[in-house]
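# Coordinate analysis (summary)
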Amino acid sequence: MIFLASMSIFNFCHRFVPCLADPARRTSLGLKAALVVLHIVYAGILFLFDSDLIEKTKQEPWSYTALYLLLCVATLIQYFVTSCSSPGNVLDAMRDVNEKNSLFSKASMLSKPPASSKNGSLIITVEGSQSERNIPGSNVTSWTKLVLDMHPPGTSIRTVTCSYCNVEQPPRAKHCHDCDRCVLQFDHHCVWLGVCIGWGNHCRFWWYIFEETALCIWTGILYITYLKANISRAWLKDVIMILLLVTLSIALIFLLLLLIFHSYLILTNQTTYELIRRRRIPYLRGIPERVYPFSKGVCRNLYNFCCARSSVYSLERLPTAMELEDKSRPYTCLEFLTCRCC
C-alpha cells in the first residue's frame, strides 16, 4: 500500500511537473536546490549566532552587510545564468550556416543584379593565428566546405565527422556523451552546473568561480572573526561554526585551484580537454608540450575571451606548420621588449 501510494504521488508530480520525469533533470534540480540551501545555511547561521554582526547590521545596514548579501545574490544569479546558458552547439552552427547559405542562393537566383554582401553575410567568424577572415555573402560556403577549410589540406570528411551526431566537427569541438551533442571549443562537462562548458559560456563559468571564491573568502573571514571573539562562551555554537569553517576551507581550496587553472587556460587559449588529452587529440599530437597552437598572445587571448564574444559563433582554424614553427621559437630579449608574448 505504501509503495502504491508513493507511486501515485510520483505520477501526480510528473503530470504537473514534466521535468521531474527525467532522472538527469531531477539530479540537476537537486544540485541547484542544494547549492541554494548551502548558501542560505552558511549565511543564516552566521547572522543567527553572531550578535556583534547583527548589531553592526542594525547600525549600518547598507554598508558591510549589504555588500556581503549582494555578493551572495550575485553569485547565485551567476550560477543560474551559467547553468542555463548554451555552450555553443556544433549542430546549431551548422544549421545557421546552411540556412543562410540557402537563403543567399535563392536571393541571388531571384534577383537580376548580384546580391549585396550585407544581405547574405553570415555571423560566422573564422579566426587564424595570423589573420582573421570573415565569410561575406559573396563567398558564402556550406558547413562541410567551411569545416574542411579549417583543417589541413587533404583531410577527408570521414575523419572530421562525429560518429554520434553525424555532423562535421570544426577544430576544438568534441562530442559530449552526457549532453549527447557536439560542443564548440569543448572544455568539460560540469556536473555541478549540469551543463557543458564551451565557447558560449566559458567566460560566464570563470566569473561564477571568481564570485564563489570571493564569497567563500569573505564568509571564512566572518567565521574566524566570530570564533576569535566568542570561542569560550557557547561550546555548541563553536563546534557548529568550526565544522562549517572546515568544510568551507576545503571548498575554498578547491575553488582557488580551479580559478587559477582556468585563468591559465584563458591566458594560453587552451581548454581542459586539450590540456588533459593532448597526446590523444589528432591535431595536437606532433606539437611540443610548451607550444600553445591557438594562442595569440596574452592580451589578445584575454580580449577574445572577455570582449570579442559579440558574434554568434567563432571558429578557429588549425595553425599551419610555419605558424607552429614560429610559436615554438624561444623568446629573445628584444621580443620581450616589443611584447611579442602579448
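In the annotation of an unreviewed UniProt entry, the entry for the protein reads S-acyltransferase, and the organism field reads Salix suchowensis. According to its UniProt record, the protein has this under Subcellular location (unreviewed entry): "Endomembrane system". Looking at the protein in UniProt, the text filed under Catalytic activity (unreviewed entry) is "L-cysteinyl-[protein] + hexadecanoyl-CoA = S-hexadecanoyl-L-cysteinyl-[protein] + CoA".

A word on the environment of Cys165. Looking at where Cys165 falls in the secondary structure, it is placed in the loop between α7 (157-160) and β3 (174-176). Leaving out residues up to four positions away in the same chain, Cys165 has contacts with His175, Arg181 and Cys182.

Between helix α8 (residues 202-230) and helix α9 (residues 235-268), the least distance of the axes is 8 Å, while the angle of their chain directions is 150°. By the angle between their directions, the pair α8 and α9 is classed as roughly antiparallel. The element α8 and its partner α9 pack so that their crossing is left-handed.

On the surface, a cluster of nonpolar side chains totalling about 530 Å² of accessible area is made up of Trp235, Leu236, Val239, Ile240 and Leu243. Tracing the sequence through the fold places Leu236 in helix α9.

Once that is clear, we can look at unusual backbone geometry. Leaving glycine aside, a negative phi is the common case for residues, and trans is the common case for peptide bonds. Within the chain, Arg172 stands out as a residue other than glycine whose phi angle is a positive 75°. Position of Arg172 among the secondary structure elements: in the loop between α7 and β3. On the basis of relative accessibility, which here comes to 3%, the residue Arg172 falls in the buried class. Residue Asn269 is not a glycine yet carries a positive backbone phi of 55°. Tracing the backbone through its elements, the reader meets Asn269 in the loop between α9 and α10 (272-276).

So, on to the UniProt feature "transmembrane region" (unreviewed entry) in the protein. Within this numbering scheme, the UniProt entry marks residues 31-49, 61-81, 205-227 and 239-267 as carrying the feature "transmembrane region" (unreviewed entry). Span residues 205-227 is 100% helix and 0% strand, its end C-alpha atoms 33 Å apart. Secondary structure across residues 239-267 comprises 100% helix and 0% strand; the distance between its end C-alpha atoms is 42 Å.

Right, let's get into the pattern of salt bridges. One pass over the full model with this rule turns up 6 salt bridges. For Glu274, the salt bridge identified is with Arg172, shortest N-O distance 2.8 Å. Within this pair, whereas Glu274 is found in helix α10, its partner Arg172 is found in the loop between α7 and β3, the two being separated by 102 residues in sequence. Considered together, Glu274 and Arg172 belong to a single accessibility category, that of buried residues.

Take the packing of aromatic side chains next. Taken as a whole and assessed by the stated rule, the structure comprises 11 aromatic pairs. With a centroid separation of 5.5 Å and an interplanar angle of 10°, the aromatic rings of Trp206 and Phe210 are classed as stacked. Taken together, the residues Trp206 and Phe210, both in helix α8 and 4 residues apart, mark about one turn of the helix. For Trp206, a relative accessible area of 18% corresponds to the buried category.

As a further point, take the nonpolar core. Among the nonpolar cores identified, the biggest contains 38 residues, and Leu46, Tyr68, Leu193, Tyr223 and Met241 are the most heavily contacted of them. At the level of elements, α2 (23-49), α4 (64-84), β6 (195-197), α8 and α9 are the ones that each hand at least two residues to this core. Take this core: its biggest share by element is 12 residues, from α8. Listed in part, the 16 residues of the second largest apolar core include Ala93, Met94, Val97 and Val167.

Interhelical geometry of α4 versus α8 gives an angle of 150° and a closest axis separation of 9 Å. Regarding α4 and α8, the two cross each other, and that crossing is left-handed. Between α4 and α8, the residues in contact are Tyr64, Leu67, Tyr68, Leu71, Cys72, Ala74, Thr75, Gln78, Tyr79, Val81 and Thr82 and Arg204, Phe205, Trp207, Tyr208, Glu211, Glu212, Ala214, Leu215, Trp218, Thr219 and Leu222, respectively. Of the residues belonging to the contact of α4 with α8, the class tally is 15 nonpolar, 4 polar and 3 charged.

Mapped onto the secondary structure, Glu212 falls in helix α8. No salt bridge is formed by the buried Glu212; the nearest opposite charge belongs to Lys32, separated by 13 Å. Here the side chain of Glu212 touches His39 through a polar contact of 2.8 Å, side chain to side chain. A polar contact is formed between the side chain of Glu212 and the side chain of Tyr208, at a distance of 2.9 Å.

Rules and cut-offs
Residues numbered from 1 in each chain as written. Predicted model: local features only at pLDDT ≥ 70, side-chain atom pairs only at ≥ 80, totals over all residues. Heavy atoms only, no water. UniProt positions renumbered as here; feature names shortened; annotations may be inferred. Helix = DSSP H or I, 4+ residues; strand = E, 2+ residues; numbered from the N terminus. Contact = heavy atoms within 4.5 Å. Axes fitted to C-alpha atoms, helices over the stretch in contact; angles between N-to-C directions. Parallel < 35°, antiparallel > 145°, perpendicular 65-115°, else oblique. Left-handed = near helix turned anticlockwise from the far one by under 90°. Patch = residues over 30% accessible without salt bridge, like charges linked within 9 Å, V, L, I, M, F, W, Y side chains within 5 Å. Areas by Shrake-Rupley, 256 points an atom, 1.4 Å probe, with all protein chains shown as cover. Salt bridge = Lys/Arg side-chain N within 4 Å of Asp/Glu carboxyl O. Buried < 20%, exposed > 50% of the residue type's maximum accessible area, 1.4 Å probe, protein only. Phe/Tyr/Trp six-rings, centres within 6.5 Å; stacked < 30°, edge-to-face > 60°. Core = buried A, V, L, I, M, F, W, Y, C linked by side-chain atoms within 4.5 Å. Nonpolar A, V, L, I, M, F, W, Y, C, P; charged D, E, K, R; others polar. Lys, Arg positive; Asp, Glu negative; His and termini not counted. Polar contact = N/O pair within 3.5 Å; in protein donor to acceptor, adjacent residues only side chain to side chain.

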